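# Descriptive analysis of the structure
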Amino acid sequence: MEQDNKIRNLTMVILFGIFLQAIFMFVEAKETPNKTAVKFTKAYFTLDKSMTGYLCKTLAPSENENKDENIVEKYIQKTENEAAERGLSPDFMKSSLFNIETETISRTDKEITLKISADRIVSINPLYALVSKLFHLSKIHKVEDTITVIMEDGKWKVCGKPFSLL
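All of the points below concern the structure found in this document. No experiment lies behind these values; they were computed from the predicted model shown. (Residues numbered from 1 in each chain as written. Predicted model: local features only at pLDDT ≥ 70, side-chain atom pairs only at ≥ 80, totals over all residues. Heavy atoms only, no water.)

### So, the sheet that holds strand β4 (residues 155-159)
- Strand order in the open sheet formed by four strands is β1-β2-β3-β4, with antiparallel pairing between adjacent strands. Because the sheet does not close on itself, it has two edges, and the strands there are β1 (95-107) and β4. The mean angle between the axes of side-by-side strands here comes to 35°, regardless of whether they run parallel or antiparallel.
- Pairing analysis gives 10 bridges linking β1 to strand β2 (residues 111-122), with the strands arranged antiparallel. Across the sheet, the residue bridging to Glu103 is Lys115, located in β2.
- Taken strand by strand, helix α4 (residues 126-134) contacts β1 and β2, and its axis lies near 75° from that of β2. (Pairing = 2+ DSSP bridges. Helix = DSSP H or I, 4+ residues; strand = E, 2+ residues; numbered from the N terminus. Axes fitted to C-alpha atoms, helices over the stretch in contact; angles between N-to-C directions. Contact = heavy atoms within 4.5 Å.)

This is the structure we're talking about:
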């Protein structure tokens, strides 16, 4: 009888854990302006072309419009050129972010202005960033900027003048 109670209790704990995990996954999947700003910022500092998906239409025109005006590709190319001028690989221009914080400055129904701050460290590869942070091998730079996020087509998109993208 005591064995049955232990099994029942263990089963209840496991089911409760699965239930909580499902709730946490649902909450995490919800798109918020802060998450959009953080995802864009991470993509920006890792020179990831996926940052185009977080930009509003005025910054990233669709493929049918101005094909020559892709500011993300121009930014990445400019950064790669800077690396080449220094005699470095483009990977040396990538950075990882730590201690990311967002603060809402102003808010309306369709537009939110956020202050984003983080610690940035050179990230030739993810392991390099982790090791250099743990052992203080690289200088940590502060990142602070104001980002405007607007509701566009039912999704939050970064607009305005984020970092030095323009």
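Don't stop here, the text continues.
### Brief notes about the state of the cysteines
- Under the criterion given, the structure shown has one disulfide.
- A sulfur-sulfur distance of 2.0 Å marks the disulfide that ties Cys56 to Cys159. Across the S-S bond linking Cys56 and Cys159, the dihedral sits near 65°, which makes this disulfide right-handed. Within this pair, whereas Cys56 is found in the loop between α2 (33-45) and α3 (71-86), its partner Cys159 is found in strand β4, the two being separated by 103 residues in sequence.
- Judged by relative accessible area, which is 13%, Cys159 ranks as buried. (Disulfide = S-S within 2.5 Å. Buried < 20%, exposed > 50% of the residue type's maximum accessible area, 1.4 Å probe, protein only.)

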